[in-house]
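Remarks on the overall topology
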Amino acid sequence: MKEIDMLFKELKEIKTKLDKNLLSDLFKSNPKRFEEFSLSLDEMILDYSKVHINKDALSKLFEVAVETKIEEKRDSMFSGEKINNTENRAVLHTALRSKSNQSVYVDGKDVIPDILIELEKMKNFTNDIRNAKILSSSNEKFTDIVNIGIGGSHLGPEMVTQALSPYCNTLKVHFVSNIDSSHIEDTLKDLNPSTTLVIVASKTFTTIETMTNANTAKKWFQNSLSEEESNLHFVALSTALEKTKAFGISDDRVFGFWNWVGGRYSIWSAIGLSVMLAIGVENFDEFLSGAFEIDEHFKTAPLEENMPIVLGLLGIWHRNICDYETRALLPYDQRLSSFPRYVQQLDMESNGKSVDSRGNELSIKSGPIVWGEPGTNAQHSFFQLLHQGTNIIPCEFMIAVNNHEEDMQMHNDLLIANCFAQSQALMNGRNLDEVKEILKESGLSEDMIEELAPHKVFKGNRPSSTLIYKKLDPKTLGKIIALYEHRVFVEGAVWDIDSFDQWGVELGKELASKMLTYIKGDEVAKSIDSSSRGLLNTVKLWNKD
Ligand code: F6P
């Protein structure tokens with residue numbers, strides 16, 4: 001870690017010097033800044049010219065990449081080494097979308113043949129459901145699919161289905177994740193059990209939310225169907241075959257995957273079945289191909305041209321050198337409204353760690369808080385703080401050049417104009433003199449100008465990047481997700497953490513099962529804190545109202 005500390009110190013010195021120039025000055029002094037600080041890959045460009053950075057800082061960041069062995073670690077991941085050391089697992093979501101026919105070995109076994117068998121099974125099932133070859137227990141065509149799952153077994157499928165809604169036909173897909181009864185109630189209440197297929201998506205098949213919702217769905221079916229009939233309305237996506245069988249789902253209705261697929265990286269596996277049912281087999285293949293293209297690029301492009309590596313290093317610059325606590329993800333695409341939520345799990349469950357991969361306390365800051373909303377909506381809520389608040393928040397804009405609604409070009413032009421205007425405003429701001437001049441032109445008195453002007457100042461100099469792509473089609477979405485996955489990998493590699501475990505979610509689960517015994521009537525432990533006791537007493541008091 002010594003070397004890294006030194007490199008970070010040097011980067012901070014570069015930043016101190018760079019801070020003497022405004023971001024906007026960097027454009028004035030270099031007309032080629034866009035060309036020099038952007039990366040292009042097929043029909044996707046990452047413009048990071050509005051990040052407050054220079055060539056010196058970038059080359060130092062590439063030294064960080066070399067020092068922290070990002071490329072070696074990347075190769076270990078792709079080759080099936082057990083890089084998730086706390087769970088002793090390989091990390092091979094990339095194998096799920098591989099189009100190269102190259103073998104990948106885990107414990108001496110090539111995993112590719114099994115992946116292809118499972119993918120083929122998913123495709124056949126999808127075609128049979130969409131073409132009404134597989135029918136419901138009452139011999140009707142399935143009309144609705146309900147995916148029951150949480151975390152990685154929900155966020156990816158829902159986000160991708162929403163994002164690709166122009167490609168969704170034939171079936172309506174719904175998602176139930178929360179243990180809150182309102183979620184399943186509000187989803188099932190308008191559906192017809194005779195034409196509904198429920199997918200129980202759970203890697204472990206033990207997650208309490210998913211199993212509780214799955215059992216409620218079973219009861220819902222059994223209000224009108226026999227147990228045997230109801231079983232024909234279930235499919236499972238899991239690595240736990242004995243558990244799916246015990247639930248009553250026959251093996252031919254179980255789509256498997258493997259322990260080297262992390263939950264938040266599982267959209268490419270059987271967990272993507274709801275997506276495949278929604279968009280069809282060919283579109284799902286395109287989605288996988290997009291991700292594969294990014295994998296190939298990540299594996300082969302030199303550091304300076306490598307989009308995930310550059311994006312990751314910009315993250316390091318903002319987190320460790322500029323000390324920014326959060327980053328905002330701002331898709332200018334309503335269909336990507338769940339993308340920030342998806343990346344929150346991907347990024348924060350992966351890199352929200354305080355110890356390194358050997359268990360030593362980290363001496364540097366790890367994963368930032370990731371949040372965001374689609375534009376233009378967000379412009380009318382939290383953008384106030386982005387422009388004039390006391391925190392500087394690096395913004396990551398995302399925008400397609402083309403929309404799917406060809407007869408609504410005006411919407412698209414306005415969307416793009418707003419996206420570009422925001423990054424420009426964040427960078428340039430508007431200083432006091434400019435504000436006063438504008439107020440003067442509007443005819444205000446000197447007193448009023450003095451009073452109002454400070455409120456209308458935008459300090460500017462706020463960093464952003466823009467990911468621009470031709471159209472949000474299945475292939476492009478596959479690329480975007482893979483880009484963000486690998487960015488998380490790059491940052492985790494610099495921090496030297498295990499980005500593939502998630503022990504931080506366990507304690508709450510454990511305590512919830514103890515809490516449940518109290519809610520069910522067990523005597524509350526004497527040692528419990530007074531807040532928890534007070535809350536439990538309130539439940540007891542109000543429970544029967
Ligand atoms: O609780 C966190 C987590 O383990 C996630 O990592 C995972 O995506 C989610 O729960 C769901 O797990 P499963 O697919 O096993 O139900």
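Residues numbered from 1 in each chain as written. Predicted model: local features only at pLDDT ≥ 70, side-chain atom pairs only at ≥ 80, totals over all residues. Heavy atoms only, no water.

A few words now on the overall build of the protein chain. Each helix and strand in the protein chain was counted, giving 23 helices and 13 strands. Taken over C-alpha atoms, the radius of gyration comes to 26 Å for the protein chain, in line with the 24 Å a tight globule of 545 residues would show. Seen through its C-alpha atoms, the protein chain measures out along the principal axes to roughly 80 × 65 × 60 Å. Counting across all 545 residues of the protein chain, residues that qualify as buried make up 52%. (Helix = DSSP H or I, 4+ residues; strand = E, 2+ residues; numbered from the N terminus. Rg over C-alpha atoms; globule rule 2.2 N^0.38 Å. Buried < 20%, exposed > 50% of the residue type's maximum accessible area, 1.4 Å probe, protein only.)

In this section: the nonpolar core. Counting 120 residues, the largest nonpolar core has Trp260, Trp317, Phe339 and Leu477 as the members making the most contacts within it. Sort the elements by how many residues they give to this core and helix H21 (residues 474–495) lands first, with twelve residues. Residues within four places of Leu477 in sequence aside, it is in contact with Met159, Val160, Ala163, Leu164, Phe287, Leu336 and Leu472. Residues Leu188, Val198, Val200 and Val254 belong to the second largest nonpolar core, which totals 21 residues. (Core = buried A, V, L, I, M, F, W, Y, C linked by side-chain atoms within 4.5 Å. Contact = heavy atoms within 4.5 Å.)

Before going further, it helps to spend a moment on a nonpolar patch on the surface. On the surface, a cluster of nonpolar side chains totalling about 240 Å² of accessible area is made up of Leu516, Ile519 and Val539. Given the relative accessible area of 44%, Ile519 is considered partly exposed. (Patch = residues over 30% accessible without salt bridge, like charges linked within 9 Å, V, L, I, M, F, W, Y side chains within 5 Å. Areas by Shrake-Rupley, 256 points an atom, 1.4 Å probe, with all protein chains shown as cover. Salt bridge = Lys/Arg side-chain N within 4 Å of Asp/Glu carboxyl O.)

What follows deals with a negative patch on the surface. A contiguous patch of negative charge, built from Asp433, Glu434, Glu437 and Glu441, is present on the exposed surface. Following the sequence through the fold, Glu434 ends up in helix H19 (residues 432–441). For Glu434, a relative accessible area of 39% corresponds to the partly exposed category. (Lys, Arg positive; Asp, Glu negative; His and termini not counted. Charge placed at Lys NZ, Arg CZ, Asp CG, Glu CD.)

If you check the shell around the ligand, you find 14 residues, and the closest are Gly152, Ser153, Ser202, Thr204 and Thr207. Separating an oxygen atom of the ligand from a backbone N or O atom of Gly152 is a distance of 2.7 Å. Relative to its free-state accessible area of 390 Å², the ligand is covered by the protein chains to the extent of 88%. Among the residues making up the shell around the ligand, the classes are represented as two nonpolar, nine polar and three charged. (Near = heavy atom within 4 Å. Polar contact = N/O pair within 3.5 Å; in protein donor to acceptor, adjacent residues only side chain to side chain. Nonpolar A, V, L, I, M, F, W, Y, C, P; charged D, E, K, R; others polar.)

Structurally, Thr195 can be placed in the loop between helix H9 (181–188) and strand E7 (196–201). Residue Thr195 is classed as buried on the basis of its relative accessible area of 8%.

What follows is about the side chain of Asp47. Tracing the backbone through its elements, the reader meets Asp47 in strand E2 (residues 44–47). One buried charged residue, Asp47, remains without a salt bridge, the closest side chain of opposite sign being Lys50 at 4.2 Å. In terms of polar contacts, Asp47 uses its side chain to reach the side chain of Ser49, at 2.5 Å. Excluding residues within four positions of it along the chain, Asp47 makes contact with Phe34, Phe37, Ser38, Ser465 and Thr466.

Right, let's talk about the sheet that holds E7 for a bit. Strands belonging to one sheet form pairs held by backbone hydrogen bonds; the direction of such a pair is parallel or antiparallel. Taken in spatial order, the five strands line up as E6-E5-E7-E8-E9 in an open sheet, and their pairing is parallel. The sheet terminates laterally at strand E6 (172–176) and strand E9 (254–256), the two strands that pair on one side only. Going across the sheet, the axis of each strand differs from the next one's by a mean of 20°, ignoring polarity. Judged from the five bridges that link them, strand E5 (residues 144–148) and E7 form a sheet pairing that is parallel. (Pairing = 2+ DSSP bridges. Axes fitted to C-alpha atoms, helices over the stretch in contact; angles between N-to-C directions.)

This part takes up the packing of helix H14 (residues 281–300) against helix H15 (residues 307–321). Think of two packed helices as two axes; the pair is described by the angle between the axes and how far apart they sit. Taken N-terminus to C-terminus, the directions of H14 and H15 make an angle of 75°; their axes are 7 Å apart at the nearest point. Comparing their axes, H15 and H14 come out roughly perpendicular. Residues Ile294, His297 and Phe298 of H14 touch H15, and the partners they reach there are Met307, Pro308 and Ile309. A class-by-class count of the residues in the contact of H14 with H15 yields five nonpolar, one polar and no charged. (Parallel < 35°, antiparallel > 145°, perpendicular 65-115°, else oblique.)

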